[in-house]
Amino acid sequence: MISQECYELGSKSSVIREIFSFGLKRKAEVGEDKVYDFSLGNPSIPAPPSVKRAILELLEEPAESLHAYSPAPGDPKMRAIVADSLNRRFGETFTAENIFMTCGAAASLSICLKALVNPGDEVVTFAPFFTEYRCWVEAMGASLEVVPPSVPDFQVDTDAFERAISAKTKAVIVNTPNNPSGVVYSEETIKKLAAILVRKSEEYGSPIYLITDEPYREIVYDGIQVPYLTKYYDNTLVCYSYSKSLSLPGERIGYIVIPDRIADYEHVSPAIAGAARVLGYVCAPSLFQQVIGKCVDDTGDINAYRHNRDLLMGGLERLGYTCVPPQGAFYLFVKALEPDACAFCERAKKYDLLLVPSDDFGCPGYVRIAYCVSEKTIVNAMPAFEKLMTEYKEEDITSSET
Ligand code: PLP
């Protein structure tokens with residue numbers, strides 16, 4: 001008997017993948033430029049030139065060492081470079097020992113959960129949340145407890161958060177800037193969240209770990225600051241990825257920060273190494289560890305995303321859509337024009353608008369629009385958004401006349 005859980009996960013694709021596949025089919029039928037595909041969070045801007053330069057330089061080095069296995073937690077020199085960068089940027093005191101190189105944020109989160117959580121434990125997260133959290137948490141035999149957002153600002157509902165924590169809560173996952181809302185949790189939110197975690201850890205007599213998932217940290221607009229969570233709560237593990245900031249999602253490179261000051265560091269640090277081993281995420285890609293060593297403080301051209309955000313949000317608001325103002329990432333969270341977001345997305349497909357319903361993000365009634373697309377896609381999609389709005393308005397008139 002094989003694993004029923006894995007069979008089920010592997011035999012149905014995610015809603016996002018289904019929409020993306022539908023888009024490919026439609027593009028083949030009607031032409032690329034007639035389909036407005038806002039489904040995937042694939043960066044649309046190129047990696048910065050420093051990445052190409054670094055790869056070319058590195059290719060001059062002896063192939064047998066360049067492509068060799070690194071030590072399981074990563075090359076100590078590269079880990080030290082990452083630690084120094086975090087110390088410079090966030091006033092931290094990390095060393096190479098605090099950094100574990102991984103294959104992106106997906107691996108980082110799976111490793112942290114495997115290391116911290118036992119079957120029967122609970123993990124809390126905040127809606128709307130990245131859909132994969134559920135399968136990663138449930139794969140560890142734990143359950144995911146979801147805290148609804150505070151509307152309309154989509155910050156954390158701190159009362160609901162406090163109620164969601166129980167004696168079984170082992171960890172809390174926070175994602176800011178957020179996928180799918182684009183919201184950045186304010187310093188005030190983070191301080192309240194940290195105070196609750198301290199209080200609840202004391203009340204239950206065991207540490208509740210905060211796992212911060214931050215692949216969008218550098219993708220922020222209007223000069224907004226994203227609080228660095230280790231500075232607010234000691235028991236924080238940071239999961240980072242270069243997939244978005246350096247536009248390298250296919251290269252699978254990121255890291256976990258395990259600060260010395262987390263509770264039970266002497267056990268947690270080896271448990272992270274053990275979890276990486278169990279899951280097969282040791283020795284992150286060698287070439288890209290070295291690339292990170294040369295481009296650690298770089299990003300792609302974030303301004304291109306800001307331009308897209310302004311164009312899309314401005315256009316949709318003029319048409320009468322209600323948007324959650326995003327301060328970061330490259331997603332716009334928009335209220336569906338009927339309570340059932342799946343039905344709304346089906347209707348949008350009539351106009352070749354491919355949007356993702358928010359149900360699997362734990363926050364029904366909205367759609368996610370990934371604006372990591374070309375400017376042309378946004379401009380050309382506006383008449384389709386207008387037709388969709390008109391259809392709903394006309395329906396309202398018809399139903400109020402009958
Ligand atoms: N966490 C969030 C919030 C994401 O949006 C993504 C990818 O889109 C991931 C984690 C996984 O990122 P990675 O490509 O680094 O595995």
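For the structure itself, look to the data block above.
None of the values given here were measured: they were computed from a predicted structure.

**Student:** For the overall build of the protein chain, give the residues involved together with the corresponding values.
**Tutor:** Scanning the protein chain for helices and strands turns up 14 helices and 15 strands. Relative to the 2.2 N^0.38 estimate, which gives 21 Å for 402 residues, the radius of gyration of the protein chain is 22 Å and therefore close to what a compact globule would have. C-alpha atoms of the protein chain, sized along the principal axes, occupy 70 × 55 × 55 Å. Looking at the protein chain residue by residue over its 402 residues, the buried ones come to 53%. As displayed, the protein chain offers around 17,700 Å² of accessible surface, 53% of which is attributable to carbon and sulfur atoms. Averaging the coordinates of the 39 positive side-chain charges in the protein chain and doing the same for the 55 negative ones gives two points 2 Å apart.

**Student:** How would you explain the packing of helix 6 (residues 104–116) against helix 7 (residues 132–139) if you had to name every residue and give the values?
**Tutor:** Relative orientation of the contacting elements helix 6 and helix 7 amounts to 35 degrees, with a least axis distance of 9 Å. Between helix 6 and helix 7 lies a crossing of right-handed hand. Along its contact with helix 6, which presents Ala106, Leu109, Ser110 and Leu113, the element helix 7 presents Tyr133, Trp136 and Val137.

**Student:** Describe the side chain of arginine 79, listing the residues and the values that go with them.
**Tutor:** If you trace the backbone, arginine 79 turns up in helix 5 (residues 76–90). Nearest to the buried, unbridged arginine 79 among oppositely charged side chains is glutamate 97, at 4.5 Å.

**Student:** Before we move on, could you go through the site of the ligand and cite the residues and values that matter?
**Tutor:** Close contacts around the ligand come from 13 residues, with Ala105, Asp213, Tyr216, Ser241 and Arg252 the closest. Within the side chain of serine 241, an N or O atom sits 2.6 Å from an oxygen atom of the ligand. At 2.8 Å, a side-chain N or O of lysine 244 approaches an oxygen atom of the ligand. When isolated, the ligand has an accessible area of 390 Å², and the protein chains bury 91% of it. Taken together, the residues that form the shell around the ligand break down as 5 nonpolar, 5 polar and 3 charged.

**Student:** Help me get a handle on the sheet that holds strand 11 (residues 323–324), residues and values and all.
**Tutor:** One open sheet holds the 4 strands; their spatial order is 11-12-15-14, and the pairing between them is antiparallel. Looking at strand neighbours, the two that pair on one side only are strand 11 and strand 14 (356–357), the edges of this open sheet. Where strand 11 meets strand 12 (residues 331–335), 2 bridges bridge the pair, whose relative direction is antiparallel. Bridging across to strand 12, valine 324 finds its partner in phenylalanine 333. Strands in contact with helix 12 (residues 303–319) are strand 11, strand 12 and strand 15 (366–370); relative to strand 12, the strand with the most contacts, it is inclined by about 10 degrees.

**Student:** Got a sec to walk through the packing of helix 3 (residues 49–58) against helix 11 (residues 286–295)? Specific residues and values, please.
**Tutor:** Running from amino to carboxyl end, helix 3 crosses helix 11 at an angle of 125 degrees, the nearest separation of the two axes being 9 Å. Judged on the interaxial angle alone, helix 11 and helix 3 are oblique. At the point where helix 3 passes helix 11, the crossing takes the right-handed sense. On helix 11, the residues that touch Ser50, Val51, Ala54, Ile55, Glu57 and Leu58 of helix 3 are Leu287, Phe288, Gln290, Val291, Lys294 and Cys295. Split into classes, the residues belonging to the contact of helix 3 with helix 11 amount to 8 nonpolar, 2 polar and 2 charged.

**Student:** How would you explain the nonpolar core if you had to name every residue and give the values?
**Tutor:** Residues Phe38, Leu316, Leu353, Ile369 and Phe385 are the most contacted members of the largest nonpolar core, which totals 41 residues. Within the residue set of this core, elements represented by two or more residues are helix 12, strand 12, helix 13 (341–349), strand 15 and helix 14 (375–401). In terms of residue count, helix 14 provides more of this core than any other element does, 8 residues in total. If sequence neighbours within four positions are ignored, phenylalanine 38 has contacts with Leu353, Leu354, Leu355, Arg368, Ile369, Ala370, Val373, Thr377, Ile378, Ala381 and Phe385. The next biggest cluster of nonpolar side chains, apart from the first, holds 33 residues, and it includes Ala127, Ile190, Ile208 and Val324.

**Student:** Quick one: what's the story with the environment of serine 110, residue by residue and with numbers?
**Tutor:** Its location among the elements puts serine 110 in helix 6. Residue classification places serine 110 among the buried residues on the basis of a relative accessible area of 7%. A C-alpha to C-alpha distance of 21 Å links serine 110 and serine 11, two positions 99 residues apart in sequence. Excluding residues that lie within four positions of it along the chain, serine 110 makes contacts with Trp136, Met140, Leu279 and Tyr281. A distance of 2.8 Å separates a polar side-chain atom of serine 110 from the backbone oxygen of alanine 106.

**Student:** Residue-level account of the pairing of strand 4 (residues 143–147), with values.
**Tutor:** Two strands pair when backbone bridges link them, and strand 3 (residues 122–126) and strand 4 are joined in this way by 5 bridges, in the parallel orientation. Note that in strand 4 the partner of valine 124 across the bridge is glutamate 145. Crossover strand 3 to strand 4 through helix 7 is right-handed.

**Student:** Lay out the pattern of salt bridges with the relevant residues and their values.
**Tutor:** What the rule picks out here adds up to 23 salt bridges. Among the salt bridges present, the one from glutamate 203 reaches lysine 200, with a minimum N-O distance of 3.3 Å. With glutamate 203 and lysine 200 both in helix 9 (residues 187–204) and 3 residues apart, the pair spans about one turn of that helix. Given a relative accessible area of 9%, lysine 200 falls into the buried group. Across the pair arginine 347 and glutamate 338 runs a salt bridge, and its minimum N-O distance is 3.9 Å.

About the thresholds
- Residues numbered from 1 in each chain as written.
- Predicted model: local features only at pLDDT ≥ 70, side-chain atom pairs only at ≥ 80, totals over all residues.
- Heavy atoms only, no water.
- Helix = DSSP H or I, 4+ residues; strand = E, 2+ residues; numbered from the N terminus.
- Rg over C-alpha atoms; globule rule 2.2 N^0.38 Å.
- Buried < 20%, exposed > 50% of the residue type's maximum accessible area, 1.4 Å probe, protein only.
- Areas by Shrake-Rupley, 256 points an atom, 1.4 Å probe, with all protein chains shown as cover.
- Lys, Arg positive; Asp, Glu negative; His and termini not counted.
- Charge placed at Lys NZ, Arg CZ, Asp CG, Glu CD.
- Axes fitted to C-alpha atoms, helices over the stretch in contact; angles between N-to-C directions.
- Left-handed = near helix turned anticlockwise from the far one by under 90°.
- Contact = heavy atoms within 4.5 Å.
- Salt bridge = Lys/Arg side-chain N within 4 Å of Asp/Glu carboxyl O.
- Near = heavy atom within 4 Å.
- Polar contact = N/O pair within 3.5 Å; in protein donor to acceptor, adjacent residues only side chain to side chain.
- Nonpolar A, V, L, I, M, F, W, Y, C, P; charged D, E, K, R; others polar.
- Pairing = 2+ DSSP bridges.
- Parallel < 35°, antiparallel > 145°, perpendicular 65-115°, else oblique.
- Core = buried A, V, L, I, M, F, W, Y, C linked by side-chain atoms within 4.5 Å.
- Right-handed = clockwise from strand over helix to strand, strands pointing away.

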